[in-house]
Amino acid sequence: MNRIILLAVLFLFQINAFSQQFSLKGKIINQNKTTLEFATATLLKTDKILYKQASTDSLGNFILTAEKRNYILIIEQFGTEFSNKEIILNQDLDLGAIEVKEQIQLDGVTVKSRKKMVEQKVDRLVFNVENSVTATGGTALDALKSTPTVRVQNETISIVGKGEVLVMIDDRLNKMTQEDLAAFLKSIPADNIKSIEVITTPPAKYEAEGNSGLINIKLKTAKTNSWNANIGTSYVQRSYASGNVNGLFLYNYNKLSLQASVNKGKDQFLTTSDNRIYYTDELWKQDIKTKSETDLLSIGLGFDYKLTEKWTTGIKYLGSFNDRIAANNPLTTRFDNSGAINSYILSDVKAQNKPQMNSLNWNNSFVLDNNGKNITVDLDYFNYQKNDSRAFSGNKMNAAKENIDGTYFSAINSNVNRLKNYSGKIDVSLPYSWANISFGGKGFYTNTKNDLKVFDNETGTPILNTAYSNLFKYKEYNEALYFSANKKLSEKWETQLGLRAEATQTEGFSENLNQTNKNNYLKLFPTAYVTYNANDNNSYSLNYSRRIRRPDFEYLNPFVIRTSPFYYSEGNPFLKPSIIDNLGFSYIRNQKWVNNIYFSQVSDFGQELAIIDPETNITKSMPINYANTYQIGLSTYYNFNKYTWWNSFMGFNLNYQNVKSKTNLIASVDGYNGYIYSNNDFTVNNTKTLFLGLNYGLQLPGRYQVFNISTLNILDVSVKFLALKKNLSITLTGEDLLNAQKPLISYYSNGIKNTMKNYGDSRTFRISLSYKFGNENVKSKERSFGNEEERNRAI
């Protein structure tokens, strides 16, 4: 009976009896005459009780229906209030174009920010980092941990029920390994972030790369005619101490806008793993404790200048320079079928890598008219270099832990990985009264070079092993065109169609093998949305998108890298891109309760697998396209903010996954998994200087891809205190207080059972201090609209 009631609430239209109704509508544009899609119009009764609320569509239009009476109309976006004024509604009222400008300080008036932590749109969820207690004071990776529908497990970033996703910074995609991406995000302070967009159905404007969506981190920009700065520091205690200091400066006056940021810190971890391989006649148990230490440095610089009323140009630089060292002593214990120990393998491993990234963007924005028509042109340069070195040695030992003669091994691997990317793109937005048209194109060229040198070191004197050393060069070209059209069919129906075409040419050359592999393919990526707004409180949407996941550059290197006599990794130059088709239906109630039914199908699903040879007990790690997969799921979440002192975001996801294997190495499997979460922010006192954050997540036991995963619990608690006229912020945070992020993961490779139990030193105590200061020196006699400057985004 309860299920019947739930379904009735989710999928039936609400029928309300109204007295005489009048319409109130308008169109919101910014100072560049660009329409604002993410703005919200709210009607309050004169006693300040919420009456109606509506969001602008992709053309910047909003419409509300209400009874005859006096109201307070509030226009806001991402928690920033633009306008707050009284209106008299006694007939249909069209406010026309409402231009919002950068927020300025008014004579005798304080414009207050409304505590909106989450905005839900048709294709994305927008998380306002500034309004979250647990997200502040840490790094960008910590902010992602607090973002609703996002999971960070062992520094791997995914969307709940969707899998791993790619991460953009200010609409720019930086393709790195998960390890390097995590290190990069740790170098960005959360206090520098304005918002995080979880884009589950990216429109045609965005690159088609990514499994099931994108995460876009939007950094802060300056308000008009003001300057402000922020300095901060944090101390972090895990198994070892870590910390950082950071600064942010923003300036915007007349035609010039400047941004500068710096972060310097040290990060230390102690990670442990318990890995087991259940051979037919033996059990191999490997225990590893790894201590790692990373020096972090990030620098951000940028300026924008308004050359004319219709032309704005700007340059933005982002740099990340990290130095990581790690050491461990893997111990493999070999048991026979009776459980007795018959031998050991003990190794000593020391590793160092220095990833360095430089990203440079030149942006030009041209306003074509006063109705939002504009053109943006971007030229980008991305440079990435990582110097890796890994020295390992070890011995086989008998049951008494005595070295066995002739089993000593020792080698040094050194690899220099260089990547350069050049890209250019143009985006044209043409909003008309009948539809919003956008189109554009992008081209990029990527050149990578991996120089691997292997030295045998059994004698203590490194000797170059030319048979195992290799130089691998890889080139990739990509050309893309897209077109998108959004049309409001009626007051209730809206549709959007898009098509993106991407052509890709690749060439990989292995010098040692004298082997060249080429690929050339053209793919089409359609997107479609249909939205039905039954009334101000109920919205239904159906969407479809096609995506692609191209192989990581390093996966295409065909060469073999050995790290012990029983383990080696090998690339796969024949690895194909995976194609993903996503279909979803959503129901949104009052912009608070969001329900999704989704289906996703992946062709040529590929990932790196540990392949066991039961005859030699040697494990080979290799990326392969081993399956076609699909999943179907249900997710729901609710934003509870009835009380001014409590803002809660809670939900769950349940899905069924089916993996149809195309190889004998991995068996076809299927199963269910579920995740429950609740993120809560509390305002403790009336002066709004003391806040409490409480986040909890529960991973139910189930199957993800080919892996069985046990229960996992996450509990994070934060306390935030404001002082010195709310300019000083002190935040205390405890992460993984239950110390329960230690799931047992199992899978079968070549019929051999494998289990992994890893712990990433996730229990953390952090104390952060941040002080902001600045000046807003322009005053006005009239109340004006305000808005933070954003990059034009045409859907």
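Residues numbered from 1 in each chain as written. Predicted model: local features only at pLDDT ≥ 70, side-chain atom pairs only at ≥ 80, totals over all residues. Heavy atoms only, no water.

**Q** I tried to follow the overall build of the chain on my own but got confused; where do I start?
**A** Summing up its helical and strand segments, the chain has 3 helices and 47 strands in all. Looking at the 795 residues of the chain, the share that counts as buried comes to 54%. Pairs at least 24 apart in sequence give 66% of the contacts found in the chain among residues at least 6 apart. Accessible surface, the chain: about 34,900 Å² in total, of which carbon and sulfur atoms supply 56%. (Helix = DSSP H or I, 4+ residues; strand = E, 2+ residues; numbered from the N terminus. Buried < 20%, exposed > 50% of the residue type's maximum accessible area, 1.4 Å probe, protein only. Contact = heavy atoms within 4.5 Å. Areas by Shrake-Rupley, 256 points an atom, 1.4 Å probe, with all protein chains shown as cover.)

**Q** Honestly, the sheet that holds strand 8 (residues 118-120) in this entry has me stumped. Any pointers?
**A** Strand pairing in a sheet relies on backbone hydrogen bonds, with the paired strands running either antiparallel or parallel. Across the sheet, 6 strands lie side by side as 8-9-15-16-13-14; this open sheet has mixed pairing. Edge positions in the open sheet fall to strand 8 and strand 14 (172-173), since each of these has one partner strand only. Sheet topology places strand 9 (residues 124-128) next to strand 15 (residues 193-199); 5 bridges connect them, and they run antiparallel. The residue of strand 15 that forms the bridge with Val126 is Glu197. (Pairing = 2+ DSSP bridges.)

**Q** How should I be thinking about unusual backbone geometry in this particular structure?
**A** Trans peptide bonds make up most of the peptide bonds, and negative phi angles are found at most residues other than glycine. Non-glycine residue Asp736 carries a positive phi angle of around 50°. Topologically, Asp736 is positioned in the loop between strand 44 (728-735) and strand 45 (744-749). Residue class for Asp736 comes out buried when judged on its relative accessible area of 0%. Its identity as a non-glycine residue notwithstanding, Asp761 has a phi of 55°, on the positive side. Tracing the backbone shows Asp761 in the loop between strand 46 (752-759) and strand 47 (764-776). When its relative accessible area of 2% is taken as the criterion, Asp761 is described as buried.

**Q** What should I look at first to understand the confidence of the model for the chain in this one?
**A** In this model, the chain carries a mean pLDDT of 85, and residues with pLDDT of at least 70 account for 89%. Across the chain, the secondary-structure element scoring lowest on mean pLDDT is helix 1 (residues 2-11), at 40, and the one scoring highest is strand 22 (residues 323-328), at 95. Low pLDDT, under 50, characterises residues 1-19; the predicted model gives this stretch 21 contacts beyond four residues in sequence or across chains. Of the regions scoring below 50 in pLDDT, residues 102-115 engages in 44 contacts with residues more than four places distant in sequence or in other chains. (pLDDT = per-residue confidence, 0-100.)

**Q** What exactly am I supposed to notice about the pairing of strand 5 (residues 69-77) here?
**A** The side chains of a regular strand alternate, first on one face of the sheet and then on the other. Counting buried positions along strand 5 yields 7 of 9 residues, so the element is predominantly enclosed. Direction of pairing for strand 2 (residues 39-45) relative to strand 5: antiparallel, over a ladder of 7 bridges. Bridging across to strand 5, Ala41 finds its partner in Ile75.

**Q** Explanation requested: the sheet that holds strand 4 (residues 61-67) in the structure shown.
**A** Sheet architecture is open: 3 strands sit in the order 4-1-7, paired in mixed fashion. Across the chains shown, the open sheet's two edge strands, defined by having one partner strand only, are strand 4 and strand 7 (93-100). Within the sheet, the average angular offset between the axes of one strand and its neighbour, ignoring direction, is 20°. Bridging between strand 1 (residues 21-30) and strand 4 involves 7 bridges; their strand directions are antiparallel. The residue of strand 4 that forms the bridge with Gly26 is Phe62. (Axes fitted to C-alpha atoms, helices over the stretch in contact; angles between N-to-C directions.)

**Q** Mind showing me how you'd approach the nonpolar core here?
**A** In globular proteins that are soluble, nonpolar side chains generally tend to be buried together. Counting residues in hydrophobic clusters, the biggest one holds 48 residues, and the most contacted among them are Ile157, Phe184, Leu185, Ile196 and Ile217. Setting aside its immediate chain neighbours within four residues, Ile196 contacts Leu125, Val126, Phe127, Val129, Ala143, Leu144, Thr147, Ile215, Asn216 and Ile217. Phe22, Tyr71, Leu89 and Ile98 belong to the second-largest nonpolar core, a separate cluster that totals 20 residues. (Core = buried A, V, L, I, M, F, W, Y, C linked by side-chain atoms within 4.5 Å.)

**Q** Before we go on, may I ask you to explain the packing of aromatic side chains in this structure?
**A** Each aromatic ring pair is characterised by the separation of its centres together with the angle its planes make. Across all of its chains, the model carries 29 aromatic pairs by this definition. The interplanar angle of 25° and the centroid separation of 6.4 Å between the aromatic rings of Trp645 and Phe682 together place this pair among those described as stacked. Taken together, the residues span a long stretch of sequence, with Trp645 in the loop between strand 37 (618-640) and strand 38 (646-661) and Phe682 in strand 39 (residues 669-683) at a distance of 37 residues. Of the aromatic side chains, those joined through ring pairs into one cluster are Trp493, Tyr532, Tyr540, Phe585 and Tyr587. Its guanidinium or amino end placed over the ring of Tyr675, Arg151 lies 4.5 Å from that ring's centre, counting from NZ or CZ. In this structure, Lys291 packs its charged tip against the face of Tyr240, placed 4.3 Å from the ring centre. (Phe/Tyr/Trp six-rings, centres within 6.5 Å; stacked < 30°, edge-to-face > 60°. Lys NZ or Arg CZ within 6 Å of the ring centre and 35° of its normal.)

**Q** Where do I start with a nonpolar patch on the surface in this structure?
**A** A surface patch of nonpolar side chains, about 680 Å² in accessible area, is lined by Phe303, Tyr305, Leu307, Trp311, Ile315, Leu360, Trp362 and Leu379. Going through the elements one at a time, strand 20 (282-306), strand 21 (311-321) and strand 24 (341-367) are the ones with two or more residues in the nonpolar patch. Residue placement: Leu379 occurs in strand 25 (residues 374-398). Taking the relative accessible area as the measure of exposure, Leu379 reaches 43% and is therefore partly exposed. (Patch = residues over 30% accessible without salt bridge, like charges linked within 9 Å, V, L, I, M, F, W, Y side chains within 5 Å. Salt bridge = Lys/Arg side-chain N within 4 Å of Asp/Glu carboxyl O.)

**Q** Help me understand the pattern of salt bridges in this model?
**A** A side chain of one charge can pair with a side chain of the opposite charge when the charged atoms of the two come close. Summed over the entire model, instances satisfying the criterion amount to 29 salt bridges. Close ionic contact of Asp369 with Lys373 constitutes a salt bridge, the shortest N to O distance being 3.2 Å. Taking relative accessible area as the criterion, Lys373 reaches 14% and is therefore assigned buried. Residue Arg550 pairs with Glu502 through a salt bridge whose shortest N-O separation is 2.5 Å. Residue Arg550 is located in the loop between strand 32 (538-549) and strand 33 (560-564), and its partner Glu502 is located in strand 30 (residues 493-510); the two are separated by 48 residues in the primary sequence. Each of the two residues, Arg550 as well as Glu502, counts as buried.

**Q** Hey, could you run me through helix 3 (residues 178-186) in this one?
**A** An α-helical turn contains 3.6 residues, so a residue and the one three or four places further along point in the same direction. Of all 9 residues in helix 3, 7 are buried; the element is thus mostly enclosed. When we look at burial in helix 3, the residues that qualify are Asp180, Leu181, Ala182, Ala183, Phe184, Leu185 and Lys186.

**Q** Quick question: what am I supposed to make of the side chain of Arg703 here?
**A** Looking at the element boundaries, Arg703 is found in strand 41 (residues 702-704). At 5.7 Å, Asp670 is the nearest oppositely charged side chain to Arg703, a buried residue that forms no salt bridge. Within polar-contact distance, the side chain of Arg703 engages the backbone oxygen of Val706 at 3.3 Å. Discounting residues that sit within four places of it in the chain, Arg703 has contacts with Gln657, Val669, Asp670, Gly671, Tyr672, Asn673 and Asn708. (Lys, Arg positive; Asp, Glu negative; His and termini not counted. Polar contact = N/O pair within 3.5 Å; in protein donor to acceptor, adjacent residues only side chain to side chain.)

**Q** Explain a positive patch on the surface here, please?
**A** Where like charges cluster on the molecular surface, the positive patch consists of Arg418, Lys420, Lys449, Lys473 and Lys475. Of all the secondary structure elements, the ones that give two or more residues to the positive patch are strand 26 (409-431) and strand 29 (470-488). Topologically, Lys473 is positioned in strand 29. Judged by its relative accessible area of 41%, Lys473 falls in the partly exposed class. (Charge placed at Lys NZ, Arg CZ, Asp CG, Glu CD.)

**Q** Quick question: what am I supposed to make of the environment of Asn84 here?
**A** Looking at the secondary structure, you find Asn84 in strand 6 (residues 80-89). We classify Asn84 as partly exposed; its relative accessible area is 31%. As a C-alpha pair, Asn84 and Ile74 span 10 residues in sequence and 4.6 Å in three-dimensional space.

**Q** Would you explain the environment of Ile752 in this entry?
**A** One can find Ile752 in strand 46. In this structure the C-alpha to C-alpha distance between Ile752 and Ile611, which are 141 residues apart in sequence, comes to 9.2 Å. Residues contacting Ile752, with those up to four places away along its chain left out, are Ile277, Tyr278, Tyr279, Ile612, Pro614 and Tyr747.

**Q** Explain the environment of Ile159 to me, please; I cannot follow it from the model alone.
**A** For Ile159, the location among the structural elements is in strand 11 (residues 156-159). The exposure class of Ile159 is buried, given its relative accessible area of 3%. Sequence separation between Ile159 and Thr149 is 10 residues, and the spatial gap between their C-alpha atoms is 5.8 Å. Not counting chain neighbours up to four residues away, the residues in contact with Ile159 comprise Thr149, Val165 and Val198.

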